[in-house]
Amino acid sequence: GRLWRNLQDTTNEGTISSRRDKSWRDWQRGGDYYDEATLLWLDADTLIRERSGGTKSLDDFARAFFGVPTTHHADGAVKPLTYTFDDVVRALNAVQPHDWAAFLRARLDTHQAGAPLEGLKRSGWRLTWAETESEFARNAEGWGGRPRASSYAYSLGFSVGKDGRLESVAWGSPAFKAGLAPGQTVVAVQSAVESAAQMLAFNDERLGAAITANKGGAAPIQLLVREGDAIRTVAIDWRGGLRYPRLERIADAPDLLGAVYSPK
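Here we summarise the structure given alongside this text. (Residues numbered from 1 in each chain as written. Predicted model: local features only at pLDDT ≥ 70, side-chain atom pairs only at ≥ 80, totals over all residues. Heavy atoms only, no water.)

1. Quick word on the nonpolar core
Core analysis: the biggest nonpolar cluster contains 22 residues, and F158, L180, L207 and L223 have the highest contact counts within it. Sorting the residues of this core by element identifies β3 (158-160), β4 (166-169), β5 (185-190), α10 (204-213), β7 (221-227) and β8 (230-236) as the ones contributing at least two each. Counting residues in each nonpolar core, the second largest holds 17 residues, with L7, L40, A44 and V88 among its members. (Core = buried A, V, L, I, M, F, W, Y, C linked by side-chain atoms within 4.5 Å. Buried < 20%, exposed > 50% of the residue type's maximum accessible area, 1.4 Å probe, protein only. Helix = DSSP H or I, 4+ residues; strand = E, 2+ residues; numbered from the N terminus.)

As structure tokens, then:
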């Protein structure tokens, strides 16, 4: 979705969204201005800390920008106080001089390929990949109170419920290119050494084992998929193994996340 829709445009989501699940969430994008803004402001925070030698942070901006006294209004009443983009830039510059207008516009208006991760790196952390889910991910709750779907978003490119129903498929992923789509059901998983008659019912362990088995390309993953009354076999030659995101400390770099998240 970053190819056609910039971050600022997602702020319109509250007025145009139907509030139903999107069939192609990553292509359509949603309220990304919430989650991605966390990375954007982490980037700003760590940059302020770096440029100020650790004497200033985003906390100083927050106090100045949001801490408007009630005496701002003639009658002393608390009322809505609107602001503009230039007001934000001016307040940031008052804390730490920088080309904040260009900084923000580059993250709001452009179609950069990936999320802004510079703040993570400046914090002493980096995004890496592991073959097992983190404890946080394993204990996450499902959307809307539903049981949590198993995520293969960063390998095959889909999330699947315990009943085998595909809840989401990533646009452009190996699963997408193989013709899979949300709403279809994975009935069974077949390895290269089995005949169609030997295909076994779908479960997470079996799918994970099949993904791992094809690391060398010797056992392309085959899924028996049902869509309506039609059943077909789908082959996916993914060789990257299981893949889940993790945060990893950068050796010898100070841990700024600890300072950011410390009680105020």
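2. Some words on the packing of aromatic side chains
Inspection of the entire model under this criterion finds twelve aromatic pairs. Aromatic side chains F61 and F65 sit 5.2 Å apart centroid to centroid with 15 degrees between the ring planes, which places their arrangement in the stacked category. With F61 and F65 both in helix α4 (residues 58-66) and four residues apart, this pair spans about one turn of that helix. Side by side, F61 and F65 carry an identical accessibility label, which is buried. A centroid spacing of 5.2 Å and a plane angle of 85 degrees characterise the contact between F65 and F66, whose relative ring orientation is edge-to-face. You can call F65 buried: its relative accessible area is 17%. Through a chain of ring-to-ring contacts, the aromatic side chains of W41, F61, F65, F66 and Y83 assemble into a single cluster. In this arrangement the basic side chain of R107 is found over the ring face of F103, its NZ or CZ atom lying 3.8 Å from the centre. (Phe/Tyr/Trp six-rings, centres within 6.5 Å; stacked < 30°, edge-to-face > 60°. Lys NZ or Arg CZ within 6 Å of the ring centre and 35° of its normal.)

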